[in-house]
Amino acid sequence: MSPAGALLEVRDLTVHHGQLRALSGVSLSVFPGDVYAIIGANGAGKSTLLRAIAGLHQPTSGSILLDGADVARVRPERRVAAGIVMVPEGRRLFPSLTVEENLLVGQSHARPGPWDIERIYELFGWLRDRRSQLAAQLSGGEQQAVAIGRALVANPRVLLLDELSLGLAPVVVRRIYETLPEFLASGITVLLVEQDVSQALRVAARIHCLLEGRTTLAGRPAELSPERIEDAYFGLASPDSGAPEPERTGS
Amino acid sequence: MSWVNAIIQGILIGGLYALFACGLSLMFGVMKVINLAHGDLAVVAAYVALGVVGITHVPTVWSFILVVPLFAGLGYVLQRSLIQAALRRSILTTLLVTFGLSVVIENGLLQFTSANSHSLDIGSLVSDSFSIGSQITIAYLLLAIFIVAVAVLLGLQYFLSSTRQGRLIRAVADDREAAQLSGADYRHVFGIAAAIAFGTVALAGLAFGMYSSFDPTIGTDQLLLFAFEAVVIGGLGSLWGTLAGGILLGVVQQLAAQVNAADQILAGQLAFLVILVVMPQGLTGQRRTA
């Protein structure tokens, strides 16, 4: 299967954490301009998938194609130049750098494109006044905004968002997701991992459900009944979802 | 007045200690590598300068133009090869590797240069001085070394806080993986940090070689120890803390020498231990500026 026009394509990806098989043969096609959400329970391999696409995990087998070119063996920093940029779980700002310095680091290996620091200050208006504060002094939601800004200024083609809502108040999460249309409008494609399924269903054009490292369901939220999503999420395999038995190597 | 003189001498020599220490501090701060060969590298730099002067007959003070870039390049290459390979295994491996490097350097020097002590000949500059009042005598050389040390620290501070590369060094020191996700190759950034560390320690080695005599084993016996003490007294990761640490160490040593010249190194070490007990974070606390 090689869908024409896919911006990012993951083919039969298998990733091990030591003995544990975290992902087994996951395939996924991401088309330009869409929001994709990967959902699944804790330990389903969502973050592993995202981190493998960003280059932080070496796959055991399979390929990751960006515009048809396999980047599965490319170092993470080179993938940034190719247009894959990730906002890591837990924000991971540089705590001893100021807000502006964090954004400058994000810009240091940027591709040419519409996003720059000035535009981030327009997107998050309050950020401008706090530009010279240390990142460590910001609240979680503010840090998340800076982390998104730091990724946006690199002008990604595919933006990977890992657990944006983790540890944040629902109202803060909503406000952050409200900025999503603005960067979609600039031509960025979004692939996100979200623990909060209802949030994911609200924003995503397509969802992809993982269970113990395998795909159990994929499709458009509108076409999937809540029951099917629930079954795929918890592994109550219904015949038509075709979920294979979870498998582990080693133990 | 001789006590005042001792304090002034201590401050000036503290600049040299800080120059020794800033590279050690930088490598620890950025890549968590404790370079046990740091002192030996300074000694090698002094020997290289001896060779450079012997061959080219340039005035000794100008040898740094060649030696410092040479060591910076060596630092980059060594970091990208040997030290990076050790880092990939574990932080402890880097201790073993740099310890091994230290042993190799010392024995190599003993083999090729003998155990005799040498010094870098700078003519009358070594003893030229001016006096303030009747008791205070300041050697031009020591004053020059102090000024160079402060200038290097100022330059390093500016580089780290205000340049793109310096910002990347701080970012990598904070979070290597997050820096990768911003497109920075941390191995290259490590190389740059090592180049700076090696360059500054080479400069310190040259200054030391002009100020005092050196032999193959003094790198680990004294210089590494002083550098460590300056870094720890000042507080890890802070450049100005390192200068303060170097100065405190120098002053304590000089004051002790007033009482009994044989006790000066012991006194420095006691001061170091006292600081370690009373202020384990060092004079400048935990906040890192580098």
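Scroll up for the structure.
Presented here is an overview of the structure given in this document. (Residues numbered from 1 in each chain as written. Chains lettered and ligands numbered in written order. Predicted model: local features only at pLDDT ≥ 70, side-chain atom pairs only at ≥ 80, totals over all residues.)

Let's talk about the interface of chain B and chain A
- Across the boundary between the two partners, chain B contributes 17 residues, which contact 22 residues of chain A.
- For the side of chain B that touches chain A, the secondary structure elements donating two or more residues are α6 (164–174) and α7 (176–181) of chain B.
- Among the elements that make up the side of chain B that touches chain A, the one with the highest residue count is α6 of chain B (six residues).
- Class assignment for the residues of the side of chain B that touches chain A results in six nonpolar, three polar and eight charged. (Contact = placed C-beta atoms within 7 Å. Helix = DSSP H or I, 4+ residues; strand = E, 2+ residues; numbered from the N terminus. Nonpolar A, V, L, I, M, F, W, Y, C, P; charged D, E, K, R; others polar.)

Things to note about the packing of helix α2 (residues 38–56) of chain B against helix α4 (residues 91–113) of chain B
Residue and element names in this part refer to chain B.
- Here α2 crosses α4 at 30 degrees, and the two axes come no closer than 10 Å. As far as their axial angle goes, α4 and α2 are roughly parallel. As for the relative orientation of α2 and α4, their crossing is left-handed in sense. Note on element contacts: α4 touches α2 through Ser102, Ile105, Glu106, Leu109 and Thr113, opposite Asp40, Val43, Val44 and Tyr47.
- Across the contact of α2 with α4, the residue classes tally to five nonpolar, two polar and two charged. (Axes fitted to C-alpha atoms, helices over the stretch in contact; angles between N-to-C directions. Parallel < 35°, antiparallel > 145°, perpendicular 65-115°, else oblique. Left-handed = near helix turned anticlockwise from the far one by under 90°.)

Side note on the environment of Arg80 of chain B
Residues and elements named next belong to chain B.
- Structurally, the position occupied by Arg80 is in helix α3 (residues 64–89).
- On the basis of neighbour counts, which here come to 16 C-beta atoms within 10 Å, the residue Arg80 falls in the partly exposed class.
- Note: C-alpha distance between Arg80 and Gly123 (43 residues apart in sequence) is 39 Å.
- Here Arg80 is in contact with Arg187 and Gly191, once residues within four sequence places are set aside. (Buried ≥ 20, exposed ≤ 12 C-beta atoms within 10 Å, placed from the backbone.)

Some words on the environment of Val278 of chain B
Residues and elements named next belong to chain B.
- When you line up the elements, Val278 lands in helix α11 (residues 264–278).
- Residue classification places Val278 among the exposed residues on the basis of 7 C-beta atoms within 10 Å.
- Sequence separation of Val278 and Ile169 is 109 residues, and the distance between their C-alpha atoms is 31 Å.

Examining the pairing of strand β10 (residues 214–219) of chain A
- In this sheet, β10 of chain A lies alongside strand β9 (residues 206–211) of chain A in antiparallel orientation, the contact comprising five bridges. Looking across to β10 of chain A, one finds that Cys209 of chain A is bridged to Leu217 of chain A. (Pairing = 2+ DSSP bridges.)

Digging into the nonpolar core
- Ranked by size, the top nonpolar core spans 173 residues in total, and within it Leu160 of chain A together with Ala193 of chain B carry the most contacts.
- Among residues more than four places away in sequence, those in contact with Leu160 of chain A are Leu50, Ile53, Ala54, Ile84, Val85, Met86, Val87 and Leu191 of chain A. (Core = buried A, V, L, I, M, F, W, Y, C linked by C-beta atoms within 7 Å.)

Here we look at the sheet that holds strand β1 (residues 8–17) of chain A
Residue and element names in this part refer to chain A.
- Pairing in this open sheet of four strands is antiparallel, and the strands run β2-β1-β4-β5 from one edge to the other. Every other strand in the sheet has two partners, leaving β2 (20–30) and β5 (69–70) as the edge strands with one partner each.
- Pairing geometry for β1 and β2, over seven bridges, is antiparallel. Of the residues in β2, the one forming a bridge with Val15 is Leu23.

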